Amino acid sequence: MSRWFFLPVLFLVLAGNMAAAMPREEAVPGGVVLVSLPDDLQGPVLYEGKHVLVWRDRARAVALVGVPLAAAPGVHQLELAGGARLPFLIHHKRYPQQRLQLPPRMVNPPQDQLARIAAESTRLAGARESYRLHAPESLTLKLPVCGRLSTPFGLRRVLNGEPRQSHMGWDVAAPAGTVVHAPLSGLVLLAEPMYFSGNTVVLDHGSGLITLYGHLDSMAVHPSEQVAAGSPIGRVGRTGRATGPHLHFALALNGTWVNPDAFLAGELRRCAVPG
Ligand SMILES: [Zn+2]
């Protein structure tokens with residue numbers, strides 16, 4: 001058989017491997033959109049004024065755009081150097097709603113904690129919007145802890161009849177004390193106790209790819225520390241506002257929380273605990 005027969009097969013295998021490295025595209029609020037960029041592109045790519053992660057390999061350059069959960073469906077635009085614009089479409093998505101009745105003291109924080117909560121919110125926003133000119137080592141992430149997805153991204157919560165902020169990450173249920181591993185190498189931006197998310201670690205993987213770990217029982221890292229992929233960063237707990245032990249895991253691109261599903265859907269299937 002001619003060796004030329006194998007060339008298309010080889011190409012398909014290579015193309016498949018390349019595709020496997022990219023996150024899953026979902027052009028909706030809270031999703032990640034992949035926009036192919038011109039080969040000769042120079043300079044930064046911006047979306048709503050924020051730097052976007054540009055992934056380059058030998059074959060192409062692609063912008064990985066995090067779409068805010070509050071984005072309106074319709075045509076959105078990337079801003080390229082020199083004033084050029086690249087349009088892309090965002091479709092509508094309705095996330096499920098959850099209504100809960102809780103004792104009022106669990107819904108509204110006490111007055112004497114409001115200043116602390118505001119300061120923490122500012123620090124968290126700063127970490128979420130961090131952008132370093134350093135490409136992530138990979139776009140293939142490992143799930144930081146194996147477990148069942150108990151609360152998905154985007155769930156719209158109505159507490160005692162009042163709409164609250166949607167759930168901006170995944171809750172992965174796992175026994176208290178389970179070790180949480182860094183899904184990629186990164187720089188520790190934050191590692192501190194917070195009112196809502198308890199012991200919280202935020203990692204910066206480069207180019208605006210940020211991950212957050214909440215409700216940890218203990219933290220194994222310090223701010224400014226560099227961590228390797230797979231190294232322990234803490235243990236699962238129920239610190240802060242949590243009804244049981246779980247990891248709140250959140251992932252941001254270009255300063256906005258997106259559905260971790262884009263990077264980790266396969267991982268969840270691989271290591272989910274039955275039940
Ligand atoms: Zn959560």
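Within each chain, residues carry numbers counting from 1 in the order of the written sequence. Confidence filtering applies because this is a predicted model: local features only for residues at pLDDT of at least 70, side-chain atom pairs given and counted only at 80 or more, and all residues used for totals across whole chains, interfaces and linings.

## As for the overall build of the protein chain
Rules: Counting from the N terminus, the helices are the DSSP runs of H or I reaching at least four residues and the strands are the DSSP runs of E reaching at least two. All radius of gyration figures rest on C-alpha atoms, and the globule criterion is 2.2 Å times the number of residues raised to 0.38. For every residue pair, C-beta atoms are placed from the backbone, and the pair is scored as a contact if these atoms sit within 7 Å.
Each helix and strand counted, the protein chain has 4 helices and 20 strands in total. Radius of gyration (C-alpha) of the protein chain: 20 Å, near the 19 Å computed for a compact globule of 275 residues. Across the protein chain, every contact between residues at least 6 apart in sequence was considered, and the portion connecting residues at least 24 apart equals 68%.

## What to know about helix H4 (residues 261-271)
To keep things clear, this is the line we draw: With C-beta atoms placed from the backbone, a residue is labelled by how many other C-beta atoms lie within 10 Å of its own: buried for 20 or more, exposed for 12 or fewer, partly exposed between the two. What the arc measures is the spread of directions leading from the helix axis to the C-beta atoms.
By the burial criterion, the buried members of H4 are Asp-261, Ala-262, Phe-263 and Leu-264. On an axial view of H4, the arc spanned by its buried residues comes to 155 degrees, and they lie on one face. Exposed residues lying more than 90 degrees from the buried face of H4 are Arg-269 and Arg-270. In this structure, the buried side of H4 is in contact with strand S1 (32-36), strand S19 (246-253) and strand S20 (256-258).

## Comments concerning the sheet that holds S1
Our working definition: Pairing between strands requires that DSSP locate at least two bridges from one strand to the other. Interaxial angle, 0 to 180 degrees, is taken between N-to-C directions of lines fitted to C-alpha atoms, where a helix line uses only the stretch in contact.
Here we have 3 strands laid out as an open sheet, ordered S1-S5-S4, and antiparallel in their pairing. Two strands close off the open sheet at either side, each with one partner strand: S1 and strand S4 (53-56). Neighbour-to-neighbour, the strand axes of the sheet open up by a mean angle of 25 degrees, direction not taken into account. Sheet topology note: the S4/strand S5 (residues 61-66) ladder contains 4 bridges and is antiparallel. Following the sheet pairing, Leu-53 is matched in S5 by Leu-64.

## Some words on the nonpolar core
Note that soluble globular proteins tend to have their nonpolar side chains buried in a common cluster. Worth spelling out the cut-off: Only buried residues count toward a nonpolar core: Ala, Val, Leu, Ile, Met, Phe, Trp, Tyr and Cys, linked into one set through C-beta atoms within 7 Å. What fixes the domain bounds is an automatic or database domain assignment.
One finds Val-65 and Val-201 to be the most contacted residues of the largest nonpolar core, which totals 55 residues. Per-element tally for this core: the top contributor is S19, with 6 residues. No fewer than three residues from each of domain 1 (21-90) and domain 2 (97-271) sit in this core. Beyond its immediate chain neighbours, meaning those up to four positions away, Val-201 contacts Val-188, Leu-190, Ala-191, Tyr-213, Leu-216, Met-219, Val-221, Ile-233 and Gly-234.

## Considering the sheet that holds strand S11 (residues 162-163)
In a beta sheet, neighbouring strands are held together by backbone hydrogen bonds and run either parallel or antiparallel to one another. If you trace the 3 strands from one edge of the open sheet to the other, you get S8-S10-S11, paired in mixed fashion. At either margin of the open sheet sits one strand with a lone partner, and together these are strand S8 (97-100) and S11.

## Section: the confidence of the model for the protein chain
The condition is simple: Per-residue confidence from the prediction method is given by pLDDT, with values spanning 0 to 100.
Mean pLDDT over the protein chain: 90, with 91% of residues reaching 70 or higher. Overall, residues 4-20 carries pLDDT values under 50, and its contacts beyond four positions in sequence, including any with other chains, amount to 2 contacts.

## Notes on the domain arrangement of the protein chain
Which entries qualify depends on this criterion: Following the grouping adopted for this structure description, the nonpolar residues are Ala, Val, Leu, Ile, Met, Phe, Trp, Tyr, Cys and Pro, the charged ones are Asp, Glu, Lys and Arg, and the polar ones are all others, Gly among them.
Taken as a whole, the protein chain is organised into domain 1 (21-90) and domain 2 (97-271). Using C-alpha coordinates to define each centre, domain 1 is positioned 24 Å away from domain 2. The interface is formed by 20 residues belonging to domain 1 together with 20 residues belonging to domain 2. Sorting the residues of the side of domain 1 that touches domain 2 by element identifies strand S3 (50-51), S4 and S5 as the ones contributing at least two each. If one sorts the elements of the side of domain 1 that touches domain 2 by residue count, S5 sits on top with 3 residues. Taken together, the residues that form the side of domain 1 that touches domain 2 break down as 13 nonpolar, 4 polar and 3 charged.

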